[in-house]
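Here is what each chain is made of, one letter per residue.
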Amino acid sequence: MREIETLIIGGGIAGLSLAARIAPHTHTLVLEAESAPGYHASGRSVAIAHFGLGERVVRTLTAMSLAQLAAEPVDDHAPSAIRHPALHIARADQTAELDALEDVHRQFDCDFYRVQGEDARKLFPALKTGPDFCHEAIIDHGALKLDADAMLQGHVRDLRTAGGDMLTGARVEDIQRNAGRWIVQSTSGTFRAERIVNAAGAWADEIAALAATSGIGIEPRRRTVISISGPEHVDVSPWPFTKTVGSGYYILPEGTGRLLASAMDEHPSLPCDAAPEEIDIATIAHRIEEATTLPIRRIAHSWAGLRSFARDELPVIGYAAGQPDFFWFAGQGGYGFQTSPALARIAESLMFGREWPDELTRSKIHPAQFAPERFRSRT
Ligand SMILES: Cc1cc2nc3c(=O)[nH]c(=O)nc-3n(C[C@H](O)[C@H](O)[C@H](O)COP(=O)(O)OP(=O)(O)OC[C@H]3O[C@@H](n4cnc5c(N)ncnc54)[C@H](O)[C@@H]3O)c2cc1C
């Protein structure tokens, strides 16, 4: 039986970003059920960092993370992020929502401009403009296109450099408490750990149940993305990530000739290997055809992934009440990549009793807002 100090269950962006951060001061092992890291939500993200989602806490976490996400890569590794503008578009009846989003961009000192529909179309030439389509917009030049794979691989590298490890094909099947330690049985062996970290994404409540710990009520929600052709002979790569304020759609370039689009759907789901449904693909195609001049003749590929939310849509970070050394790191919703540096820092601070980040204190964001106990009376 291998002895570990900190055993992290789940090799997505949550588990790996935390593992890389804490491995220099605790012997860390990540167990991932699938044959490669990032097989589930983390491998299905469109991985953009922007201020157009979440509320105050999520936006503060995003702001805290941007500099680290944009940092130059060390050695000759691929960069984890490149600047790529985000265009937030509004109909004429959505001016109040755009005003609110403008306040957010101002609050976080973003490099942004408010533009009329016609100017937005110069940036994304397939947009329809007018009161019922793109009437006005905000263009944020500080948004980032993240390289999800480079981020995951970079964290695995940092974890191993610090003496830790990740095992793939290691599905956790049983967790017992014995003599003050966790005994964790997986399909790749049995481990004795001082503490376990539940970073199992959509499966987080299932891991809690294995450890006889109260669940949180994490809700996985399925989101579908399609890939379509851009206009013939047009390089779409400089086109911004374009998103409606409120519900609607988003669309962004994929390389030079293709575009990815989503209707920003959120269908409650059981934890599973999510697959797109015909109705969701048709909904995206319909919304894009309505809002743009892009004819959708063929859908090159499509996929779906699960975004996992706690009831208040904030992450769950901290030790389980009444269960020593069971640490929650779940509920990263639709912002797990863009907030990962801040979330890993928060988790480290709560796990080892380190100082709470100043930026959060200044923004009046406290550990209780992430604590698993906040759901205790309701579970
Ligand atoms: C379509 C889509 C678009 C998105 N776009 C963005 C975006 O633009 N920006 C952004 O920041 N975020 C985005 N997200 C959200 C982001 O992808 C998630 O917040 C993030 O990936 C969650 O990471 P995670 O590590 O918690 O979960 P996961 O990546 O699902 O990792 C959990 C891991 O736990 C493993 N596991 C489960 N059970 C066990 C077990 N018993 N034993 C061992 N391992 C186990 C699973 O195999 C899985 O690999 C998007 C998500 C989707 C689906």
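So, the layout of surface pockets
Step number 1: What the second largest pocket holds in volume is close to 600 Å³.
Step number 2: For the lining of the second largest pocket, the elements supplying multiple residues, two or more each, are α1 (13-22), α2 (56-69), α5 (148-161) and α8 (340-352).
Step number 3: Here the element with the most residues in the lining of the second largest pocket is α5; it accounts for seven residues.
Step number 4: Its residues placed into classes, the lining of the second largest pocket shows 11 nonpolar, eight polar and five charged.

Points about the pairing of strand β2 (residues 28-31)
Step number 1: Side chains Thr28 and Val30 of β2 all project onto a buried face; the interleaved residues Leu29 and Leu31 project onto the opposite face, where all are buried too.
Step number 2: Sheet topology note: the strand β1 (residues 2-9)/β2 ladder contains four bridges and is parallel. Paired with Ile8 across the two strands is Val30, which belongs to β2.
Step number 3: Following the chain from β1 across α1 to the adjacent parallel β2, one finds a crossover that is right-handed.
Step number 4: In terms of strand pairing, β2 meets strand β9 (residues 165-167) through three bridges, oriented parallel.

Details of the site of the ligand
Step number 1: The ligand sits among 39 residues. The nearest are Glu32, Ser42, Val172, Gly333 and Gln338.
Step number 2: At a separation of 3.0 Å, an oxygen atom of the ligand approaches a polar backbone atom of Ala14.
Step number 3: Here an oxygen atom of the ligand sits 2.8 Å away from a polar atom, N or O, in the main chain of Gly333.
Step number 4: Protein chains bury 96% of the 1000 Å² of accessible surface belonging to the ligand in isolation.
Step number 5: Contributing elements (two or more residues each) for the shell around the ligand: α1, β13 (219-229) and β18 (299-309).
Step number 6: Ranked by residue count, the leading element in the shell around the ligand is β18, at three residues.
Step number 7: Split by domain, the shell around the ligand shows at least three residues from each of two domains, domain 1 (2-44 + 148-218 + 312-378) and domain 2 (85-142 + 221-309).

A closer look at the environment of Pro231
Step number 1: As for its position among the elements, Pro231 is in the loop between β13 and β14 (241-244).
Step number 2: Between the C-alpha atom of Pro231 and that of Arg258, which follows or precedes it by 27 residues, the distance is 8.6 Å.
Step number 3: Once residues lying within four places of it in the same chain are set aside, the contact partners of Pro231 are Val236, Trp239 and Leu294.

Considering the packing of α1 against α8
Two quantities define a packed helix pair, namely the angle between the axes and the distance from one axis to the other.
Step number 1: It is at 9 Å that the axes of α1 and α8 come closest, and there the two elements cross at 60°. Put simply, α1 runs oblique to α8. Crossing angle aside, the handedness with which α1 passes α8 is right-handed. Every residue of α8 that contacts α1 at Ile13, Ser17, Leu18, Arg21 and Ile22 is listed here: Ser340, Ala344, Arg345, Ala347, Glu348, Met351 and Phe352.
Step number 2: Of the residues assigned to the contact of α1 with α8, the class counts are seven nonpolar, two polar and three charged.

Concerning the domain arrangement of the protein
Step number 1: Split into domains, the protein comes out as domain 1 (2-44 + 148-218 + 312-378) and domain 2 (85-142 + 221-309).
Step number 2: Listed by partner, the interface residues are 15 residues for domain 1 and 12 residues for domain 2.
Step number 3: Taken over both partners, the interface formed by domain 1 and domain 2 buries close to 1100 Å², and the fraction arising from carbon and sulfur atoms is 53%.
Step number 4: Per-residue buried area on domain 1 facing domain 2 is highest for Arg44, Ala202 and Glu313; these three make up 45% of the total on that side.
Step number 5: For Glu313, the salt bridge goes to Arg221, with nearest N and O atoms at 2.9 Å.
Step number 6: For the pair domain 1 and domain 2, the number of links is eight residue pairs in polar contact (both at pLDDT 80 or more).
Step number 7: For the side of domain 1 that touches domain 2, the residue count by class is five nonpolar, seven polar and three charged.

Examining the packing of aromatic side chains
Step number 1: Counted under the stated rule, the structure contains seven aromatic pairs.
Step number 2: Aromatic side chains Tyr319 and Phe327 sit 5.0 Å apart centroid to centroid with 85° between the ring planes, which places their arrangement in the edge-to-face category.
Step number 3: Residue Tyr319 is classed as partly exposed on the basis of its relative accessible area of 24%.
Step number 4: Between Trp356 and Phe370 the ring centres are 6.2 Å apart and the planes differ by 50°, which places this aromatic pair in the tilted class. With Trp356 in the loop between α8 and α9 (358-362) and Phe370 in the segment after α9, the pair connects residues that are 14 residues apart, well separated along the chain.
Step number 5: Each member of the aromatic cluster is reached from another via a ring pair, and the members are Trp182, Phe326 and Trp328.
Step number 6: The cationic tip of Arg177 hangs over the ring face of Trp182; the distance from NZ or CZ to the ring centre is 4.7 Å.

Each value, and the rule that gives it
Residues numbered from 1 in each chain as written. Predicted model: local features only at pLDDT ≥ 70, side-chain atom pairs only at ≥ 80, totals over all residues. Heavy atoms only, no water. 1 Å grid on protein atoms, 1.4 Å probe; cavity = no way out; pocket = protein on both sides within 12 Å on 5 of 7 lines; lining within 4 Å. Points joined across faces, edges and corners; volume = space filled by probe spheres on them. Helix = DSSP H or I, 4+ residues; strand = E, 2+ residues; numbered from the N terminus. Nonpolar A, V, L, I, M, F, W, Y, C, P; charged D, E, K, R; others polar. Buried < 20%, exposed > 50% of the residue type's maximum accessible area, 1.4 Å probe, protein only. Pairing = 2+ DSSP bridges. Right-handed = clockwise from strand over helix to strand, strands pointing away. Near = heavy atom within 4 Å. Polar contact = N/O pair within 3.5 Å; in protein donor to acceptor, adjacent residues only side chain to side chain. Areas by Shrake-Rupley, 256 points an atom, 1.4 Å probe, with all protein chains shown as cover. Domains from an automatic or database assignment. Contact = heavy atoms within 4.5 Å. Axes fitted to C-alpha atoms, helices over the stretch in contact; angles between N-to-C directions. Parallel < 35°, antiparallel > 145°, perpendicular 65-115°, else oblique. Left-handed = near helix turned anticlockwise from the far one by under 90°. Buried area = accessible area lost by both parts, 1.4 Å probe. Salt bridge = Lys/Arg side-chain N within 4 Å of Asp/Glu carboxyl O. Phe/Tyr/Trp six-rings, centres within 6.5 Å; stacked < 30°, edge-to-face > 60°. Lys NZ or Arg CZ within 6 Å of the ring centre and 35° of its normal.

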